[in-house]
Amino acid sequence: MKLNANIPAGPLTQKWTTHKHEIRLVNPANKRKYDIIVVGTGLAGASAAATLGELGYNVKSFCVQDSARRAHSVAAQGGINAAKNYRNDGDNVYRLFYDTLKGGDFRAREANVYRLAEVSVNVIDQATAQGVPFAREYSGYLATRSFGGAQVSRTFYARGQTGQQLLLGAYQALMAQVSAGTVKVFPRSEMLELIVVNGHAKGIVVRDLIGGKISSVMADAVVLATGGYSNVFHLTTSGGASNVTALWRAHRQGALFANPCFTQIHPTCIPVSGDYQSKLTLMSESLRNDGRVWVPKNGGDKRPADQVPDNERDYYLERMYPAYGNLVPRDIASRAAKRVCDEGRGVGPGGRGVFLDFRDAIKRFGEDVVRERYGNLFEMYHEITNENAYKTPMRIYPAVHYAMGGLWVDYNLMSNLPGLFVVGEANFSDHGANRLGASALMQGLSDGYFILPYTIGNYLAQNQVKRPSTDVSEAKRAEQAVTERLNKLLSIPGKRTPADFHKHLGRILWDHCGMARTEAGLQQAKQEIAALREEFWRNVIVPGSHDDLNMALERAGRVADFLEMGELLCLDALERRESCGCHFRTEFQTPEGECLRNDAEYAYVAAWEFGGDGKPAVLHKEPLVYEEAHMAQRSYK
Amino acid sequence: MKLTVRVWRQKNARREGRFAEYEVQDASPDMSFLEMLDVLNERLIRQGEEPIHFDSDCREGICGMCSCVINGEAHGPESQVTTCQTYMRSFKDGDVITVEPFRAMAFPLIKDLVVDRSALDRIIQAGGFISVTTGSAPEANSIPVSKYHSDLAMDAAACIGCGACVAACKNASANLFVAAKVAHLNLLPQGGPEKDPRVLGMVEAMTSEGFGACSVTGSCEAVCPKGIPTSFISRMNHNFLTAALKLRVHGPRG
Amino acid sequence: MNQTSVGMNSLWKVFTTTIGKKAVMAATGGVLLLFVIAHMAGNLQMFLGWGDINNYADLLKSHREFLWPFRVFLATCLVLHVSTGSFLAIDNRRKRGHSYEVKKLVGASFASQTMWISGLIIFCFIVYHLLHFTLGVTNPEYLTFRDAHDRPDVYRMIVTAFSTAGTVCLYALGVATLGFHLSHGVRAMVESLGLRMETWASRIDKTSLVVACLLFLGFASVPLAVLMGLLQLK
């Protein structure tokens, strides 16, 4: 298979502009003849569905939650980047582009990242016009703050609820289109299969989660905006419903899965407290603006934080990375935390935690200022841990957060299956091996508002395969396969619950494919996952039926796909014999313990093709060519 | 901790429901309330019984999906938190905890503790947005907004759409939910042009969806996980009455 | 926005919404509130002596051209207030659907939960009060009392009526219910009219309580003063 990223020719700064001139358009009168399916209603899905509806397409939007507004984008706290340069601190599109590329350890596609930086400014304009209440200065103009991996202040925010506010903006735009009749939303509906007709993605099989009805929905194009797959790790910062099923079903139908091993571990989460735990809660990275990260200099120091004198504290990020200090990118902060905990200097129960201390910030600005900036985060911390972070430092530890990998897409955000578009976290394209803070919101909305609505027209205008009816054999077969699979899950006379398998899978991945990965560990993980998957299909127990709301069945189906996907994740990590960004292979590190990249052999996108059940996946490589940016060793010292 | 949990079980909207009682032996005070239910559900599944169905997603108090009434209080005993952020340390060893779904005519029950809150989406469809076509937005800093109004709009915009206000109101009124959205958008200059049709449309939708009238009891504010104040309801009433008295309101789109 | 929102250009349609109905409640309640304040001020003239209260009563009754339209207006407000309130109370109950097993009052005053009941008690009290003093049905002799200027003798009527403990109890209960109703009613009225915003909210809530207490004290003071012998027939 030849991978063609369809990157437009010409200088980097002109590619998107030229491309917009050159791609084909759909006549306004013809737009209403096209049906487009959008799966997922997060930032990317809702913004795409709303914009496509505005353009005049018939849009069908699906989500698993009870309302489009619940998608997990809602939980993003810190902010959204944009190269507005409102602070006059030297920001510009090129700098945002370069920071993002460098933050991703040069494993992202240059042209996509440049376009992202370019449209970031439009996203802020759009959101502001929609009524997103971004923080403002007393002058009435928009405020910004700093975030990890950047030396300029370019992050716009709405208290600690930026994701919520941006999502509500997109959701409201979506609701406006529903009332205008261009979009129909199907909540509590789960996509369980992709329908491919003559090589083109032309529909999906959906299960109505309330009544259990399984049906095919056909369209001229299918857009997947189903978010990331990090829940494969079980304990993550993702929402309970976040899953890989839509992506994995598409992958099984031929869509390539790119860079699955690029999963981000977020440095500032509340540490695990017990085995019953269902999720990990993130404390926004923005806290690192004013909070200082430290552990005691000596291992086994059990004194309360306030009794440890300054000269016995190790502000290790400031010590190791004086230029960026507490604001180093996420992967670096996470690994540093792991390292000090491995040295036995971790704090809190089990020694898996480091302090994030606001003492100095409170001394400098006063408690009120700190409260105004981070009040809701401190409250959330208090609710969960019953500790007052104004008095004692927060305890934090890294946790699985974001998936940089995803389905492979070309410059038009179309996968290798024509007609299948993938936007937001679900695709792989913009963050390389590590995403910078406040860039996920930027990417989701850029894809949905400003990129996909143009590029999808290019596909539709060529309209090689017409929208088939639901009676085609491909649809019937897909429906039947879905029903059989559900029946099979319900009929296994097993003993272990789907959640139990999920937890087990998560433990395997966290131990062997988490913050530090080794050849032997990954081999072992692959075998363990294969064995677990085999056990799953004979020993899972799923009560109830499939013609009713059945959350155990939903979970079982998702875990079954995670069990397949997890193995691919390990395989990808195994094959990438270098360290870059979040992917840290202990065999490949600098003497200081930093990532040792191997640009000569691994400057490519690993795009995996499904090889068939029980057969290994097939690797395709898209070489990463940098026309403008210079691939440098990352340094935040 | 040992607890007795009494939960409303109802297979679906067509069947009769009843309370079922479960003993939970091994709850930890650091568990969230929903994690306690998770542990109970794991046991039920292992026994081949259907787990207790309840809605939840983010488990960090922001998505608005969780929706239980615990011992007569929407989102449980603690103020300004959602059910998912309610921790077992709020209960005592030996407590009997009664868990009910959100009850309202406009929120039909789906199963156990799961209810249909799509009426709230339909209210938003009736005007809870600013009609700005993608790409037509002006430069973000071209319209300054006073920090006071921007902050006030953000206070209102913090609503997570969980519907606890409806569940707690003796009239199942959605006034606080609607008022929060009306205030958020009407307070901002960007929302100004559609101010009147917005409030008229949303209020009309709220009435026709079957939500009750506001008796100004303040229960909604007390259970609101985001502490949204009832003064926004007054703001909405003001907007509504002044818009209604204008008699001629021009809608932006037919 | 959709067609329906634009279509609310008939005033009637406003009253089909819950907020429109609450506005009717608030506006009529406001009129009735102003009336009871004036009524109380009139009553307090009992403390000024025999002549003043009778002068005042005569003044009111001598302007029949104002009196009757005013009575009709007041009665209309009362009927609208009671009927809209009753409609909403019944409708609101229906809107809950299934009731909760565990009932707990969260963040709400007892008064706010019982406005319909307190309102109906007040309505019955008003009917009794009219039969008692205005129409002379229960005690026809009151209307025959004349003072030295051959005017209706209101002072004597009141002192006679309130010299029995039973009547005083009844009136005290009536005005206590009124106070209870208004302790929530005043703030609800301001809220429904859209005037209880931001920083004003808590001030209005306090004012609501103060107004309710003052009205109760003002109304209860006359019967109690009679019963305690502070106001007598000399």
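Please read all numbers here as calculations on a predicted model, not as lab measurements.

**Q** Can you break down the overall build of chain B residue by residue, with the values?
**A** Per the secondary structure count, chain B includes 8 helices and 7 strands. With respect to the principal axes defined by its C-alpha atoms, chain B has extents near 60 × 40 × 35 Å. A total of 254 residues make up chain B; the buried ones form 67% of that total.

**Q** Outline the interface of chain B and chain C, listing residues and values.
**A** Of the residues lining the interface, 55 residues belong to chain B; the matching set on chain C comes to 47 residues. Residue assignment for the side of chain B that touches chain C shows that the elements contributing at least two residues are strand E5 (96-101), helix H6 (195-208), helix H7 (219-223) and helix H8 (231-245) of chain B. At 9 residues, the largest contribution of residues to the side of chain B that touches chain C is made by H8(B). Looking at the side of chain B that touches chain C residue by residue, the class counts come to 24 nonpolar, 20 polar and 11 charged.

**Q** Got a sec to walk through the domain arrangement of chain A? Specific residues and values, please.
**A** Residues and elements named next belong to chain A. Segmentation of chain A into domains returns domain 1 (268-399) and domain 2 (473-602). Taking the mean C-alpha position of each, domain 1 and domain 2 sit 31 Å from one another. Contacts between the two partners involve 6 residues from domain 1 and, on the opposite side, 6 residues from domain 2. Looking at the side of domain 1 that touches domain 2, the element that brings in the most residues is helix H9 (residues 330-342), giving 5 residues. Partitioned by chemical class, the residues of the side of domain 1 that touches domain 2 number 1 nonpolar, 1 polar and 4 charged.

**Q** Lay out the environment of A:Ala337 with the relevant residues and their values.
**A** Residue and element names in this part refer to chain A. Take Ala337: it is sitting in helix H9. Residue class for Ala337 comes out buried when judged on the 25 C-beta atoms lying within 10 Å of it. Each residue touching Ala337, except ones within four places of it in the same chain, is listed here: Pro267, Val354, Tyr397 and Pro398.

**Q** So what's going on with helix H7 (residues 115-134) of chain C? Which residues, and what values?
**A** All names here are of chain C. For H7, built from 20 residues, the straight-helix expectation of 28 Å at 1.5 Å per residue is met to within 8% by its first-to-last C-alpha distance of 26 Å. Every buried residue of H7 is listed here: Met115, Ser118, Gly119 and Ile122. Take H7 and look down its axis: the buried residues cluster within an arc of 95°, on one side only. Turned more than 90 degrees from where H7 packs its buried face, Ile117, Cys124 and Val127 sit exposed. One or two steps after H7, the chain reaches Gly136, where phi turns positive at roughly 65°.

**Q** Just give me the short version of the environment of A:Asn259, but keep the residues and values in it.
**A** Residue and element names in this part refer to chain A. On the secondary structure map, Asn259 appears in the loop between strand E10 (257-258) and strand E11 (263-269). Its 28 C-beta neighbours within 10 Å are what place Asn259 among the buried residues. Linking Asn259 and Arg634, residues 375 residues apart in sequence, is a C-alpha distance of 20 Å. Sequence-distant contacts of Asn259, defined by excluding residues within four places in its chain, comprise Met404, Gly405, Phe428, Asp572, Val605 and Ala606.

**Q** Could you give me a rundown of the interface of chain B and chain A, with the residues and numbers involved?
**A** Tallying the contact residues gives 67 residues for chain B and 64 residues for chain A. Counting residues per element, the side of chain B that touches chain A draws most heavily on helix H1 (residues 33-46) of chain B, at 7 residues. Partitioned by chemical class, the residues of the side of chain B that touches chain A number 29 nonpolar, 21 polar and 17 charged.

**Q** Explain the sheet that holds strand E8 (residues 214-218) of chain A residue by residue, including any values.
**A** All names here are of chain A. With antiparallel pairing, the 3 strands of this open sheet are ordered in space as E6-E7-E8. The open sheet has two edge strands with one neighbour each: strand E6 (189-197) and E8. Taking each pair of neighbouring strands and ignoring which way they run, the sheet shows an average axis angle of 30°. Bridge count for E6 against strand E7 (residues 200-208) is 8 bridges, and the pairing is antiparallel. By the bridge assignment, Ile195 is partnered in E7 with Gly203.

**Q** Lay out the nonpolar core with the relevant residues and their values.
**A** Of all hydrophobic cores here, the largest spans 324 residues; its most connected members are A:Ile36, A:Leu174, A:Val223, A:Leu224, A:Leu407, B:Cys165 and B:Val166. A per-element tally of this core places helix H16 (residues 551-575) of chain A first, with 14 residues. Each residue touching A:Leu224, except ones within four places of it in the same chain, is listed here: A:Val39, A:Gly40, A:Ala246, A:Leu247, A:Ala250, A:Leu407, A:Leu420, A:Val422 and A:Ala426. The next biggest cluster of nonpolar side chains, apart from the first, holds 11 residues, and it includes C:Met46, C:Tyr155, C:Val159 and C:Leu231.

**Q** An account of helix H9 (residues 165-192) of chain C is needed here, citing residue identities and associated values.
**A** Residues and elements named next belong to chain C. Over its 28 residues, H9 extends 39 Å from the first C-alpha to the last, a length consistent with the 40 Å expected when each residue adds 1.5 Å. Of all the bends in H9, the greatest measures close to 35° and is centred on Leu182. Where H9 ends, the next residue or the one after it, Gly194, has phi of about 80°, a positive value.

**Q** Before we move on, could you go through the domain arrangement of chain B and cite the residues and values that matter?
**A** Residue and element names in this part refer to chain B. Taken domain by domain, chain B consists of domain 1 (3-111) and domain 2 (118-245). Each of domain 1 and domain 2 has a C-alpha centre, and the two are 29 Å apart. The residue inventory of the side of domain 1 that touches domain 2, partitioned by class, reads 10 nonpolar, 7 polar and 2 charged.

About the thresholds
- Residues numbered from 1 in each chain as written.
- Chains lettered and ligands numbered in written order.
- Predicted model: local features only at pLDDT ≥ 70, side-chain atom pairs only at ≥ 80, totals over all residues.
- Helix = DSSP H or I, 4+ residues; strand = E, 2+ residues; numbered from the N terminus.
- Buried ≥ 20, exposed ≤ 12 C-beta atoms within 10 Å, placed from the backbone.
- Contact = placed C-beta atoms within 7 Å.
- Nonpolar A, V, L, I, M, F, W, Y, C, P; charged D, E, K, R; others polar.
- Domains from an automatic or database assignment.
- Expected span 1.5 Å × (residues − 1).
- Arc of directions from axis to C-beta.
- Pairing = 2+ DSSP bridges.
- Axes fitted to C-alpha atoms, helices over the stretch in contact; angles between N-to-C directions.
- Core = buried A, V, L, I, M, F, W, Y, C linked by C-beta atoms within 7 Å.
- Bend = angle between axes of the 7 residues up to and from the residue.

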